[in-house]
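Chain by chain, the residues:
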Amino acid sequence: MIEQIKSHIAESIHTKQALLDDPDFMQSLAAVAKTCRDALDSGHKILIAGNGGSAADAQHMAAELVGRFEKERASLPGIALTTDTSALTAIANDYGYEHVFSRQLQGLGQAGDIFIGISTSGNSANIIKAVEMAKSKAIKSIALTGIGGQLEALADVTLSIPSPRTAIVQESHIMIAHLLCHLIDSE
């Protein structure tokens, strides 16, 4: 059991080290943080979505924006599109599950907003549809993914985690969410 624990921690460290050593990833992450901060400073909002554990990550990030991250500041407009069960179930029932986020984005999103779609596979149909909706509304799209997937070619910016394991990818996604919140709060 100790070896399994060590192996998982080592793999997580290895993946994060690969990100740390990737200058393109670093530049992309910094650019995403600036884009988010500029959008918020201009009165726009950040809308976030994902499925399963990624839904929890979307809610976590939205809570850090609306509440606070590490320092006192005014509440920021962050919305997790994963939380309204009435909207989710009505949209899934009436239009299909692949539309649960795009319909919300269509109604809530405005040009200049940011959409962050989280998909460890990079192939979640409802995140793909949401990115397509974002493009049609001049909403900047950021994808957090694992290796590969359709989102890489669709989103304005993709932050891809170099691991085939969902758990490791999700650990890195929450690190990215925390970094974005930290950088948004930094002046």
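Whatever comes next refers back to the structure up there.
Report follows, based on the coordinates. (Residues numbered from 1 in each chain as written. Predicted model: local features only at pLDDT ≥ 70, side-chain atom pairs only at ≥ 80, totals over all residues. Heavy atoms only, no water.)

Take helix H1 (residues 2-20) next. Counted at 1.5 Å a residue, the expected span for H1 with its 19 residues is 27 Å, and the 27 Å between its end C-alpha atoms agrees. Buried within H1 are the following residues: Ser12, Thr15 and Leu19. Summarising the axial view, the buried residues of H1 lie within an arc of 65°, below the 170-degree limit, and thus occupy one face. Opposite the buried face of H1, by more than 90 degrees, sit the exposed residues Ile2, Glu3, Lys6, Ile13, His14 and Leu20. Along its buried surface, H1 packs onto helix H2 (23-41), strand S5 (157-160) and helix H8 (166-185). (Helix = DSSP H or I, 4+ residues; strand = E, 2+ residues; numbered from the N terminus. Expected span 1.5 Å × (residues − 1). Buried < 20%, exposed > 50% of the residue type's maximum accessible area, 1.4 Å probe, protein only. Arc of directions from axis to C-beta. Contact = heavy atoms within 4.5 Å.)

Another aspect to go through is the nonpolar core. In terms of nonpolar packing, the biggest core is built from 31 residues, with Ile46, Ile48, Met61, Leu65, Ile116, Ile176 and Leu180 touching the most fellow members. For this core, the elements supplying multiple residues, two or more each, are H2, strand S1 (46-50), helix H3 (53-66), strand S3 (114-119), strand S4 (140-145) and H8. Every residue in contact with isoleucine 176, bar those within four places of it in the chain, is listed here: Phe25, Leu29, Leu144, Leu159 and Ile161. (Core = buried A, V, L, I, M, F, W, Y, C linked by side-chain atoms within 4.5 Å.)

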